[in-house]
Amino acid sequence: MSAAARVHYRTCPLCEAMCGLEVHVVGDRVTAIRPDRDDVWSKGFVCPKGATLGALHESPERVRVPLVRDGERWREVSWDEAFARCETLLQGVLERHGRQALTCYIGNPTAHSFHLGRYVGLFIGLAQLPTLYSAGTVDQWPKNVSSMLMYGGMWSIPTPDIQRTHYWVVMGGNPQASQGSLLACPDVLGEIDRIRARGGKTVVVDPRRTGTAERADEWIPIVPGTDAALLLAVCHVLFAEDRVRLRHLEGRVNGLDEVRALAVQFPPERVAATCRVPAATIRRLAREISDAPSAAVYGRIGLCNQEFGTLASWLVDVVNILSGNFDRGGGLMFGKPIAWGVTSLPDPQWAEGVRFGRFRSRVRGAPEVLGQFPLSCLAEEIATPGDGQLKALITIAGNPVISGPDAAKLDAALPQLECMISLDNALNETTRHAHVILPGHSALEQPHFDDLIPLWAVRSAGNFSPAVFPPGDRPQEWEILARLAGLCAGMALREIDVEAIDDGFFSAVCMAKGIDPSTLLPRYAQRGPERLLDLQIRTGPFGDRYGERPDGLTLDHFRARPHGIDMGPMVPRLAEVLATPSGKIELAPPYITADVPRLAARLDRQAAGLVLVSRRHLRSNNSWLHNVEALVRGRERCTLLIHPDDAARCGLADGRRARVRSQAGSVEVPVEVSDEMMPGVVSLPHGWGHDKPGTRQSIARAHAGVNNNLLAPGDLIDPISNNAVLNGIPVEVGPA
Ligand SMILES: Nc1nc2c(c(=O)[nH]1)N[C@H]1C(S)=C(S)[C@@H](COP(=O)(O)OP(=O)(O)OC[C@H]3O[C@@H](n4cnc5c(=O)[nH]c(N)nc54)[C@H](O)[C@@H]3O)O[C@H]1N2
Ligand SMILES: Nc1nc2c(c(=O)[nH]1)N[C@H]1C(S)=C(S)[C@@H](COP(=O)(O)OP(=O)(O)OC[C@H]3O[C@@H](n4cnc5c(=O)[nH]c(N)nc54)[C@H](O)[C@@H]3O)O[C@H]1N2
Ligand code: SF4
Ligand SMILES: [Mo]
């Protein structure tokens, strides 16, 4: 080893598996990235994406210097000039159109970023935008709604304790590709083997025989969008066969009778044809859940991004509660983060109880849900003239031109903005429309310690990673957010005092947590997210409480332990988490149960023709890892998966091209014939379609694929949560 060679230990920020990596560095180059076998959490587990953090960091196409667009031409500018341009643009919109013309879109990497995750709340609070859009309404909004109403916190999302369960039901999730979501656990597929080794069983409910289904003990194919009916039928069996066991939850649950009254109406025989799951299978599933020493039913994106997203997400929890598998080992449990999350602090706007529909979107009149409209409203709010038309958009780590429904509409609307500012490291399908791109740092140029994900981690573990490479003297993302927020609030650039704003934010966070900031502020010389993280750890469940508990944890303990600290598995903590006005679990929130008649009506509607669902691949991450050669090499992955019978009927053969049409649009894509699809359902991956002009992503362009969201109609939403329906879209398929 040369003198300059060194090894850094760090957590991969790309997905919820939070793997520990060894980053080998010589000078300013990454020479290798390997699994960290000593990482207390992941113990050497990684996937191919983690090894590409060096390629992402070194990519010559990564935006490192602010870009300003003059017409079609991009200019690299100084940070001063970039912020000055932002000021001119935002002030212009504020003067001409008022605050109602401003909005933002918050993308997925925000949740995984050391800076953005902790400071997006500052941005939202200070910027005072009347509306905001996020990837949440194409992701987990139904679960946020059900958790808010059942437990009193939108981020109080229970997770399956798969390291101890004896029976795991995976619905609409494919951890073989995704590595688990709203379920943080390294090596999820390995856990399936370990469940089997202890005599247990894993069942996958999915229209596709996924890699997870292959690894599991049983695959139950299901018609997309019908999971809520299946789960109600499971409840039916639990009641009918006297299998409801609240156990330790006895007396802590409201609404049991209401759920019973609903479940009575959904015997397995009534839903079987619609779900295309035999009634006997549903009965057996219910009995196996009930008979297992412990069981955990889990639903993910396939249950959220669908027609009955909220009903399905709610019923997942209901089945666990009814079968006695809630808040106990091996069932559904709440994680216990070492550092409580800034993201998950109680929101003062719901201090008096949660209400939906407090305001409506201007164009289609959609009622807000947890403060957000459907993402598909964004395009029409920009494109439709009139009072309140959106004129300025700030995107934060998001690529909605690819990831949002009715993608062509948003792509066409963005050029009409008078001001678009993107905080992003890529010049991609979305940011090419920006007037200014403000780059953040690469993952290796910033520290890491997850803020949100540990809320549903199967163990209380934590790992602090210092930056591998120095960030240089350009602003960090938290500072950029503070400046942009100040500008949105109408402050002049020269008036914005980032340090004062940060002190104010730190104080507000302390107070939201019931802590007096006045004694804490003087303790810290350093500002920014590391100060916050120290607070989160020290006042967290294992913290030193600033000396009150001398053997408790501080950030310095993590600095001294580069492989992390593990405080053990999940523990029952319902009493700590529950924040409903009644102080009980609300098993049958009226806002949700009011949607059951819509589900009942669905049972009478026979599915006609083919429907489209989405999928993920291990080597992708939504839309933004396709510019890494090592991840796109090899066989084309953006293909239409179709069952052999459907292929024959549609005149399609393996390797030929198909035209897929929906009410929203049409795409041409290579065909992959496979009996891993159930008949009647076809699958396309999401995150592709990199053939737009004016991007700076040459590798992605060479592997463009097609955007399946061109096919997703913007008016298809789950009206209870405002979440998009991206699965179960009616399509026509034929030869191209
Ligand atoms: N059809 C269909 N559509 C879907 C889905 C589906 O299953 N099917 N899934 C949905 C889901 S679950 C999600 S979460 C969304 C994702 O939707 P988005 O969050 O809008 O999309 P991403 O592809 O994750 O885009 C991430 C952006 O963040 C940038 N970025 C990456 N890291 C950083 C960073 O550290 N700092 C900054 N500033 N920028 C960064 C990238 O360059 C990229 O522009 O897609 C949704 N869309
Ligand atoms: N490699 C990789 N990892 C990722 C991501 C990525 O893009 N690539 N994205 C990350 C993000 S942002 C998220 S949110 C998570 C998502 O994590 P997962 O939820 O595990 O996502 P998918 O792998 O898309 O699996 C969804 C499954 O739902 C099935 N499905 C579709 N419709 C229905 C339905 O109506 N009912 C049922 N029962 N199943 C249905 C699909 O066939 C698919 O197998 O993954 C995260 N991890
Ligand atoms: S599974 Fe892969 S992408 Fe996810 S954290 Fe681990 S190495 Fe990173
Ligand atoms: Mo997501």
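A.B. asks: What's the story with the overall build of the protein chain in this structure? I'm lost.
C.D. replies: Assigned secondary structure in the protein chain consists of 26 helices and 28 strands. At 25 Å, the protein chain has a C-alpha radius of gyration in line with the 27 Å of a compact globule built from 736 residues. Counting every position in the protein chain, which comprises 736 residues, the buried fraction comes to 64%. Long-range contacts, defined here as pairs at least 24 residues apart, represent 73% of the contacts in the protein chain between residues at least 6 apart.

A.B. asks: Whenever I open this one, the site of ligand 3 confuses me. Can you help?
C.D. replies: The environment of ligand 3 is made up of Cys12, Leu14, Cys15, Ala17, Met18, Cys19, Cys47, Lys49, Gly50 and Gln179. Residues of the shell around ligand 3, tallied by class, amount to seven nonpolar, two polar and one charged.

A.B. asks: Whenever I open this one, the domain arrangement of the protein chain confuses me. Can you help?
C.D. replies: How big an interface is tends to be reported as the loss of accessible area on association of its parts. Entries for the protein chain in the domain assignment read domain 1 (5-58), domain 2 (67-130 + 375-448 + 464-561), domain 3 (141-337 + 574-598) and domain 4 (607-735). Distance from the C-alpha centre of domain 2 to the C-alpha centre of domain 3: 35 Å.

A.B. asks: Would you mind showing me how to read the environment of Asp257 here?
C.D. replies: One can find Asp257 in helix 9 (residues 256-264). For Asp257, a relative accessible area of 52% puts it in the exposed group. Residues Asp257 and Leu587 lie 330 residues apart in sequence; the distance between their C-alpha atoms is 9.4 Å.

A.B. asks: What's the story with the pattern of salt bridges in this structure? I'm lost.
C.D. replies: Side chains that differ in sign of charge can pair as their charged atoms come close. One pass over the full model with this rule turns up 53 salt bridges. Between Arg284 and Glu218 there is a salt bridge, with the nearest N and O atoms lying 2.6 Å from each other. Of the two residues, Arg284 sits in helix 11 (residues 279-291) while Glu218 sits in strand 11 (residues 218-220), which places them 66 residues apart along the sequence. A relative accessible area of 31% means that Arg284 is categorised as partly exposed. Among the ionic contacts, a cluster of salt bridges with common partners joins Glu499, Asp502, Asp503, Arg527 and Arg531.

A.B. asks: Just checking my understanding: could you explain the packing of aromatic side chains for this structure?
C.D. replies: What describes a pair of aromatic rings is the distance from one ring centre to the other and the angle between the planes of the rings. For the coordinates displayed, the defined rule picks out 14 aromatic pairs. Counting every residue linked through ring pairs, the aromatic cluster contains Tyr119, Trp478 and Phe505. Lying over the aromatic face of Phe266, Arg270 brings its terminal NZ or CZ to 4.9 Å of the ring centre. The cationic tip of Arg483 hangs over the ring face of Phe83; the distance from NZ or CZ to the ring centre is 5.2 Å.

A.B. asks: Where do I start with the site of ligand 2 in this structure?
C.D. replies: Lining the immediate surroundings of ligand 2 are 32 residues, of which Ser178, Asp206, Asp227, Ser620 and Asn622 lie closest. Between Ser178 and ligand 2, the recorded distance is 2.7 Å, taken from a side-chain N or O atom to an oxygen atom. Separating an oxygen atom of ligand 2 from a backbone N or O atom of Asn622 is a distance of 2.6 Å. Of all the elements in the fold, those that place two or more residues in the shell around ligand 2 are helix 5 (175-178), helix 12 (301-304) and strand 21 (610-615). Residue contributions to the shell around ligand 2 peak at three residues, all from helix 12.

A.B. asks: Looking at this structure, I do not really get the packing of helix 8 (residues 227-240) against helix 9. What am I missing?
C.D. replies: A pair of packed helices is characterised by two quantities: the angle between their axes and the separation of those axes. Here helix 8 crosses helix 9 at 110°, and the two axes come no closer than 8 Å. What the angle tells us is that helix 8 and helix 9 run roughly perpendicular. Here helix 8 contributes Leu232, Cys235, His236 and Phe239 to the contact with helix 9, which in turn contributes Leu256, Val259, Arg260, Leu262, Ala263 and Val264. Of the residues that constitute the contact of helix 8 with helix 9, the class distribution is eight nonpolar, one polar and one charged.

A.B. asks: Just to check I follow, could you spell out the sheet that holds strand 3 (residues 29-35) for this structure?
C.D. replies: Two pairing modes exist for strands in a sheet, parallel and antiparallel, and in both the strands are linked by backbone hydrogen bonds. Ordered by their spatial adjacency, three strands build an open sheet running 1-2-3, and the pairing between neighbours is antiparallel. Each edge of the open sheet is held by one strand with a lone partner, namely strand 1 (5-11) and strand 3. Each adjacent strand pair in this sheet contributes to an overall mean axis angle of 25°, direction not counted. Summarising the sheet, strand 1 and strand 2 (residues 20-26) pair through seven bridges and their orientation is antiparallel. The partner of Arg10 across the bridge, within strand 2, is Leu21.

A.B. asks: So what exactly am I meant to see when it comes to the sheet that holds strand 9 (residues 167-171) here?
C.D. replies: The strand order 11-10-9-13 describes an open sheet built from four strands, whose pairing is parallel. A single partner strand is all that each edge strand has here, and the edge strands are strand 11 and strand 13 (296-299). Neighbour-to-neighbour, the strand axes of the sheet open up by a mean angle of 15°, direction not taken into account.

A.B. asks: Sorry if this is basic, but what is going on with the environment of Gly543 here?
C.D. replies: For Gly543, the location among the structural elements is in the loop between helix 19 (529-538) and helix 20 (555-559). For Gly543, a relative accessible area of 0% gives the class buried. Distance from Gly543 to Arg616, taken between C-alpha atoms, is 38 Å for residues 73 residues apart in sequence. If sequence neighbours within four positions are ignored, Gly543 has contacts with Ile537, Arg538, Arg549, Gly552 and Leu553.

A.B. asks: So what exactly am I meant to see when it comes to the environment of Val316 here?
C.D. replies: Within the secondary structure, Val316 sits in helix 13 (residues 309-322). In sequence terms Val316 and Val297 are 19 residues apart; their C-alpha atoms lie 6.1 Å from each other. The residues touching Val316, leaving out its near neighbours within four places in the chain, are Lys143, Leu231, Val297, Tyr298, Gly299 and Leu303.

A.B. asks: Any chance you could explain the nonpolar core here in plain terms?
C.D. replies: For soluble globular proteins, the rule of thumb is that nonpolar side chains tend to be buried together. Formed by 102 residues in total, the largest nonpolar core has its most connected members in Trp168, Ile321 and Leu322. Considering every element that reaches this core, the biggest residue donor is helix 8, with eleven residues. If you look at the next biggest cluster of nonpolar residues, it comprises 56 residues, including Leu90, Cys488, Val498 and Ile501.

A.B. asks: Sorry, what's going on with unusual backbone geometry here?
C.D. replies: A negative phi angle is the norm for most residues apart from glycine, just as the trans form is the norm for most peptide bonds. For Leu182, which is not a glycine, the phi torsion comes out positive at approximately 50°. By the secondary structure assignment, Leu182 is in the loop between helix 5 and helix 6 (188-197). The class for Leu182 is buried, based on a relative accessible area of 6%. The backbone of Asp406 sits at a positive phi, close to 50°, despite the residue not being glycine. Locating Asp406 in the fold gives a position in the loop between helix 15 (400-403) and helix 16 (407-413). Look at Asp406 and you get buried, because its relative accessible area is 13%.

A.B. asks: Teacher, can you tell me more about the pairing of strand 2 here?
C.D. replies: When a strand is regular, its side chains alternate between the sheet's two faces. Counting buried residues along strand 2, six of its seven residues qualify, which places the element largely inside the surrounding structure. Two strands pair when backbone bridges link them, and strand 2 and strand 3 are joined in this way by six bridges, in the antiparallel orientation. By the bridge assignment, His24 is partnered in strand 3 with Ala32. Counted between consecutive antiparallel strands, the loop separating strand 2 from strand 3 contains two residues, among which Gly27 sits at a positive phi close to 60°.

A.B. asks: Help me understand the state of the cysteines in this model?
C.D. replies: In a disulfide, the sulfur atoms of two cysteines are held together by a covalent bond. Taken as a whole and assessed by the stated rule, the structure comprises zero disulfides. In this structure Cys86 is not part of a disulfide, and its nearest cysteine sulfur, from Cys419, lies 7.0 Å away. Take Cys86: its relative accessible area is 0%, and that puts it in the buried class.

A.B. asks: Please explain the packing of helix 10 (residues 268-275) against helix 11 as it appears in this structure.
C.D. replies: The interhelical angle for the contact between helix 10 and helix 11, taken along N-to-C directions, is 115°, at an axis separation of 8 Å. The interaxial crossing formed by helix 10 with helix 11 has right-handed handedness. Of the residues in helix 11, those in contact with Pro268, Glu269, Val271 and Ala272 of helix 10 are Ala279, Ile282 and Arg283.

The rules behind the values
- Residues numbered from 1 in each chain as written.
- Chains lettered and ligands numbered in written order.
- Predicted model: local features only at pLDDT ≥ 70, side-chain atom pairs only at ≥ 80, totals over all residues.
- Heavy atoms only, no water.
- Helix = DSSP H or I, 4+ residues; strand = E, 2+ residues; numbered from the N terminus.
- Rg over C-alpha atoms; globule rule 2.2 N^0.38 Å.
- Buried < 20%, exposed > 50% of the residue type's maximum accessible area, 1.4 Å probe, protein only.
- Contact = heavy atoms within 4.5 Å.
- Near = heavy atom within 4 Å.
- Nonpolar A, V, L, I, M, F, W, Y, C, P; charged D, E, K, R; others polar.
- Domains from an automatic or database assignment.
- Salt bridge = Lys/Arg side-chain N within 4 Å of Asp/Glu carboxyl O.
- Phe/Tyr/Trp six-rings, centres within 6.5 Å; stacked < 30°, edge-to-face > 60°.
- Lys NZ or Arg CZ within 6 Å of the ring centre and 35° of its normal.
- Polar contact = N/O pair within 3.5 Å; in protein donor to acceptor, adjacent residues only side chain to side chain.
- Axes fitted to C-alpha atoms, helices over the stretch in contact; angles between N-to-C directions.
- Parallel < 35°, antiparallel > 145°, perpendicular 65-115°, else oblique.
- Pairing = 2+ DSSP bridges.
- Core = buried A, V, L, I, M, F, W, Y, C linked by side-chain atoms within 4.5 Å.
- Disulfide = S-S within 2.5 Å.
- Left-handed = near helix turned anticlockwise from the far one by under 90°.

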